[in-house]
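Spelled out from the first residue to the last, the chains are:
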Amino acid sequence: MDKNISIPHIAFLYPGYAAEDDYPRLAGMISTPAEVSVIHTAFDEDAHTIKALTEMGSPERLQEGAEQLKDASMEAVLWTSTSASFVRGIDGIGEQIETLESLLHIPASTTAMAFARAVTAINARRVAIAATYPRDIALLFKTFLEHFDIEVVHITCRDIITAAEVGTLEKEAVLQFATDNDHPDADAVLIPDTALHSAAWLEDLEAAAGKPVLTANQVSFWEGLRLCGKLTPQSGLGTLFRVNPWN
């Protein structure tokens, strides 16, 4: 069948197995369902440590995953590990994006970059971070956001080492995590781990927090639509998707 050019075609490079089912779920929640391809990338160790995450997000690992997409007719590609992006710093993120774009010749981004753009899109200036990571990793996310003049007014850490464990957290635990780690001075709450399920609960999260909540898989999917020029206001996916992207 010929590719339908009206349907977004987005690829997600995803390390391991945890909450990757959020992407096909999100693809079915928008008004024109998207076609998504999830490629599971390899790594040496499932651990939220600087060493493990640096290896996980290396250009070599991304290239291995991207090789599987060379004939897939995708319009955009995302590296969907927030921490295995920001731990490499701004220059390292640029290298990740360049690796993907050079190989696939389509626009590329990372979840970390998607967070920076999403915070700007909803006009948030001050944020609270509810991180599943250990504190040293969460502080690197804070440093990354501050590069974009985003003020972090509160940060908490759940100190979970593996993505596999994060992926087991269920709805009530995730809602409680968001509300417990909000701050009255924050314009939005950021939950940065792509291993955490959130797609089915985006509106519930915002209702519980009483403000915008940005989650990793949500902002990754939003960024993918933006990159392929098919981002339009949507209901049911949180404040971020209700914003007119052309304002």
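For clarity, every value in this text was computed on a predicted model and none was experimentally measured.

J.: An account of the overall build of the chain is requested, with residue identities and associated values reported.
T.: The helix and strand tally for the chain stands at twelve helices and eight strands. The C-alpha atoms of the chain give a radius of gyration of 16 Å, which matches the 18 Å a tight globule of 247 residues would have. Taken along the three principal axes of its C-alpha coordinates, the chain extends 50 × 40 × 35 Å. Of the contacts formed within the chain by residues at least 6 apart in sequence, a portion of 76% connects residues at least 24 apart. Working note: accessible area of the chain is about 10,200 Å², and carbon and sulfur atoms make up 48% of it. Between the mean site of the 17 positive side-chain charges and the mean site of the 35 negative ones, the chain shows a separation of 4 Å.

J.: Go over the environment of P233 with me, naming the residues and quoting the values.
T.: You can see P233 is positioned in the loop between α11 (216-227) and α12 (239-242). Here the alpha-carbon distance between P233 and G57, two residues 176 residues apart in the chain, equals 31 Å.

J.: Describe the packing of aromatic side chains, naming the residues involved and giving the relevant values.
T.: Using the criterion set out here, one finds nine aromatic pairs in the structure. Ring centres of Y14 and Y23 lie 6.2 Å apart, and the angle between their planes is 75°; on these two criteria the pair is classed as edge-to-face. Judged by its relative accessible area of 0%, Y23 falls in the buried class. An aromatic cluster is built from F86, F115, Y133, F141, F144 and F148, whose rings are joined through pairwise contacts.

J.: Requested: an account of the packing of helix α6 (residues 111-121) against α11, with residues and values cited.
T.: Relative to each other, α6 and α11 sit at 85°, their axes nearing to 8 Å. By the angle between their directions, the pair α6 and α11 is classed as roughly perpendicular. On α11, the residues that touch T111, A114, F115, R117, A118 and A121 of α6 are A216, V219, S220, W222, E223 and R226. Here the residues of the contact of α6 with α11 are counted per class, giving seven nonpolar, two polar and three charged.

J.: A description of the packing of helix α9 (residues 171-180) against helix α10 (residues 202-209) should follow, citing residues and the corresponding values.
T.: Viewed as axis vectors pointing N to C, α9 and α10 meet at an angle of 40°, and their least axial separation amounts to 9 Å. Judged by the angle between their axes, α9 and α10 are oblique. Crossing handedness for the pair α9 and α10: right-handed. Across from K171, V174, L175, A178 and T179 in α9, the residues of α10 making contact are D204, L205, A208 and A209.

J.: Lay out the sheet that holds strand β2 (residues 35-41) with the relevant residues and their values.
T.: The four strands lie next to each other as β2-β1-β3-β4, forming an open sheet whose pairing is parallel. Where the open sheet ends on each side, the last strands, each with one partner, are β2 and β4 (108-110). Mean inter-strand twist for the sheet, computed between neighbouring axes without regard to direction, equals 20°. Inspection of the sheet shows strand β3 (residues 76-79) paired to β4 by three bridges, in the parallel sense. For V77, the partnering residue across the bridge sits in β4 and is A108. Across the face of the sheet, helix α5 (residues 89-104) comes into contact with β1 (9-15), β3 and β4 while running at roughly 150° to β4. Here α11 sits on the sheet in contact with β1, β2, β3 and β4, set at roughly 155° to β3.

J.: Can you lay out the side chain of K211 for me, pointing to particular residues and giving the numbers?
T.: Summarising the element assignment, K211 is placed in the loop between α10 and β8 (213-215). At 2.9 Å, the side chain of K211 and the backbone oxygen of H183 are in polar contact. Once residues within four sequence positions are removed from consideration, K211 is found in contact with D182, H183, P184, A186, D187, A188, V189 and E206.

J.: Any details on α5? Residues and values, ideally.
T.: Under the 1.5 Å per step criterion, the end-to-end length of α5 is 23 Å for 16 residues, consistent within 8% with the ideal 22 Å. When we look at burial in α5, the residues that qualify are G92, I93, Q96, I97, T99, L100, L103 and L104. Relative to the axis of α5, the buried residues are bounded by an arc of 150° and lie together on one face. Relative to its buried face, α5 has exposed residues pointing more than 90 degrees away, namely D91 and E98. One or two positions beyond α5, positive phi appears at H105, with a value near 60°.

The rules we used
- Residues numbered from 1 in each chain as written.
- Predicted model: local features only at pLDDT ≥ 70, side-chain atom pairs only at ≥ 80, totals over all residues.
- Heavy atoms only, no water.
- Helix = DSSP H or I, 4+ residues; strand = E, 2+ residues; numbered from the N terminus.
- Rg over C-alpha atoms; globule rule 2.2 N^0.38 Å.
- Contact = heavy atoms within 4.5 Å.
- Areas by Shrake-Rupley, 256 points an atom, 1.4 Å probe, with all protein chains shown as cover.
- Lys, Arg positive; Asp, Glu negative; His and termini not counted.
- Charge placed at Lys NZ, Arg CZ, Asp CG, Glu CD.
- Phe/Tyr/Trp six-rings, centres within 6.5 Å; stacked < 30°, edge-to-face > 60°.
- Buried < 20%, exposed > 50% of the residue type's maximum accessible area, 1.4 Å probe, protein only.
- Axes fitted to C-alpha atoms, helices over the stretch in contact; angles between N-to-C directions.
- Parallel < 35°, antiparallel > 145°, perpendicular 65-115°, else oblique.
- Nonpolar A, V, L, I, M, F, W, Y, C, P; charged D, E, K, R; others polar.
- Left-handed = near helix turned anticlockwise from the far one by under 90°.
- Pairing = 2+ DSSP bridges.
- Polar contact = N/O pair within 3.5 Å; in protein donor to acceptor, adjacent residues only side chain to side chain.
- Expected span 1.5 Å × (residues − 1).
- Arc of directions from axis to C-beta.

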